[in-house]
Amino acid sequence: SAVISQKPSRDICQRGTSLTIQCQVDSQVTMMFWYRQQPGQSLTLIATANQGSEATYESGFVIDKFPISRPNLTFSTLTVSNMSPEDSSIYLCSVDATEAFFGQGTRLTVV
Amino acid sequence: AQTVTQSQPEMSVQEAETVTLSCTYDTSESDYYLFWYKQPPSRQMILVIRQEAYKQQNATENRFSVNFQKAAKSFSLKISDSQLGDAAMYFCAYRRPTNFGNEKLTFGTGTRLTIIP
């Protein structure tokens, strides 16, 4: 199993600013995944982060808007840049072993 | 591309009764994994049950069991003896096999389950 610590748990941000979300895992993992869950919606993958290489983004998500860092095998950050109210969502990080484990999620509200 | 469909946006069940949540999926793969996740208001995604496609036997975890019909690409979740703590969003998810934890999950749209006391 894996224990994932994600922070902040929630934040309210002004439009035009950026927020960095951190995800710490208690064991080394190859891949880390970042998902977005818009209000009342399902989870959509933003990108997959592999240590030592650039993240792989899903269609509709770009690096300039959602830069990701993966400095080592236990840590990753997702930045939501130049935020607008449409970015208000829950953001979750995840790692996968025999099953996917999730962080507690970050509830972001952009005003 | 794989897709996962949950046709029941909302379900309700009387406490102590049994409820079944539906899920269908589409894939051309022969080997894969299916999951049911529970998301209470706390936002935490909690694994309820997992099924490996190559196993014919339906997975069971205490009050939770699945009816896996591979030919029909159906994967329903049965919750027996429903409890108030079962109230949550339930997501069905699909994943290809992975040796290195490098495969993403594809989620359905979710079913909101309400437990009536």
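Residues numbered from 1 in each chain as written. Chains lettered and ligands numbered in written order. Predicted model: local features only at pLDDT ≥ 70, side-chain atom pairs only at ≥ 80, totals over all residues. Heavy atoms only, no water.

Trainee: Honestly, the interface of chain B and chain A in this entry has me stumped. Any pointers?
Mentor: Many authors give the size of an interface as the accessible area that is lost as the parts come together. On the chain A side, the residues contacting the 21 residues of chain B number 25 residues. Here chain B and chain A share one salt bridge between them. In this structure, Lys104 of chain B engages Glu58 of chain A in a salt bridge whose closest nitrogen and oxygen atoms are separated by 3.0 Å. Summed over the shared surface of chain B and chain A, the result is eight residue pairs in polar contact (both at pLDDT 80 or more). Elements with a contribution of two residues or more to the side of chain B that touches chain A: strand E5 (33-39), strand E6 (46-52) and strand E10 (88-95) of chain B. Here the element with the most residues in the side of chain B that touches chain A is E5 of chain B; it accounts for three residues. (Contact = heavy atoms within 4.5 Å. Salt bridge = Lys/Arg side-chain N within 4 Å of Asp/Glu carboxyl O. Polar contact = N/O pair within 3.5 Å; in protein donor to acceptor, adjacent residues only side chain to side chain. Helix = DSSP H or I, 4+ residues; strand = E, 2+ residues; numbered from the N terminus.)

Trainee: Would you take a moment to explain the pattern of salt bridges for this structure?
Mentor: When charged atoms on two side chains of opposite charge get close, those side chains can pair. Residues and elements named next belong to chain B. A full pass over the atoms with the stated rule returns eight salt bridges over all chains. A salt bridge links Asp26 to Lys73; the nearest nitrogen and oxygen atoms lie 3.6 Å apart. Of the two residues, Asp26 sits in strand E4 (residues 24-26) while Lys73 sits in the loop between strand E8 (64-69) and strand E9 (74-79), which places them 47 residues apart along the sequence. Taking relative accessible area as the criterion, Asp26 reaches 39% and is therefore assigned partly exposed. Judged by its relative accessible area of 26%, Lys73 is partly exposed. Among the ionic pairs, Arg96 bridges to Glu29, the shortest N-O distance being 3.4 Å. In this pair, Arg96 is assigned in the loop between E10 and strand E11 (106-107) and Glu29 in the loop between E4 and E5, connecting sequence segments 67 residues apart. Under the relative-accessibility criterion, Arg96 is labelled partly exposed at 33%. Overall, the relative accessible area of 31% leaves Glu29 in the partly exposed class. Bridged by salt links that share partners, the residues Glu29, Arg96 and Glu103 form one connected network. (Buried < 20%, exposed > 50% of the residue type's maximum accessible area, 1.4 Å probe, protein only.)

Trainee: Whenever I open this one, the sheet that holds strand E7 (residues 68-72) of chain A confuses me. Can you help?
Mentor: Strands pair in a sheet through their backbones, by hydrogen bonds, and they do so in one of two ways: parallel or antiparallel. All names here are of chain A. Across the sheet, four strands lie side by side as E1-E3-E8-E7; this open sheet has antiparallel pairing. The sheet is open, and its two edges are formed by strand E1 (4-7) and E7, each paired on a single side. Across the sheet, the mean angle from the axis of one strand to that of its neighbour is 15 degrees, orientation sign disregarded. Of the strand pairs in this sheet, strand E3 (residues 19-25) and strand E8 (residues 75-80) are connected by six bridges, and their pairing is antiparallel. Along E8, the bridge assignment pairs Thr20 with Thr79. (Pairing = 2+ DSSP bridges. Axes fitted to C-alpha atoms, helices over the stretch in contact; angles between N-to-C directions.)

Trainee: Sorry, what's going on with the pairing of strand E11 (residues 106-110) of chain A here?
Mentor: On a regular strand, one side chain projects to one face of the sheet and the next to the other, so that they alternate. Residue and element names in this part refer to chain A. Burial of E11 is one-sided: the residues Thr106, Leu108 and Val110 facing one way are buried, the residues Arg107 and Thr109 facing the other way are not. As paired elements, strand E9 (residues 89-96) and E11 share three bridges and run antiparallel to each other. Counterpart to Ser89 in the pairing with E11 is Leu108.

Trainee: How should I be thinking about the packing of aromatic side chains in this particular structure?
Mentor: Aromatic ring pairs are described here by two measures, namely the spacing of the ring centres and the angle between the planes. Scanning the entire structure with this criterion turns up 15 aromatic pairs over all chains. Aromatic pair Tyr35 of chain A and Phe102 of chain A: ring centres 5.9 Å apart, planes at 50 degrees, arrangement tilted. Here the residue Tyr35 of chain A occupies a position in strand E4 (residues 31-37), and Phe102 of chain A occupies one in strand E10 (residues 100-102), the gap between them amounting to 67 residues. Taken as a pair, Tyr35 of chain A and Phe102 of chain A share a single burial class, namely buried. Each residue in the set Tyr35 and Phe102 of chain A together with Tyr33, Phe35, Tyr37, Phe91 and Phe107 of chain B is aromatic and connected to the rest through ring pairs, giving one cluster. Across the ring face of Tyr33 of chain B, the terminal group of Arg95 of chain B is positioned such that the distance to the ring centre comes to 4.8 Å. (Phe/Tyr/Trp six-rings, centres within 6.5 Å; stacked < 30°, edge-to-face > 60°. Lys NZ or Arg CZ within 6 Å of the ring centre and 35° of its normal.)

Note that all results are geometric; they support no functional claim without further evidence.
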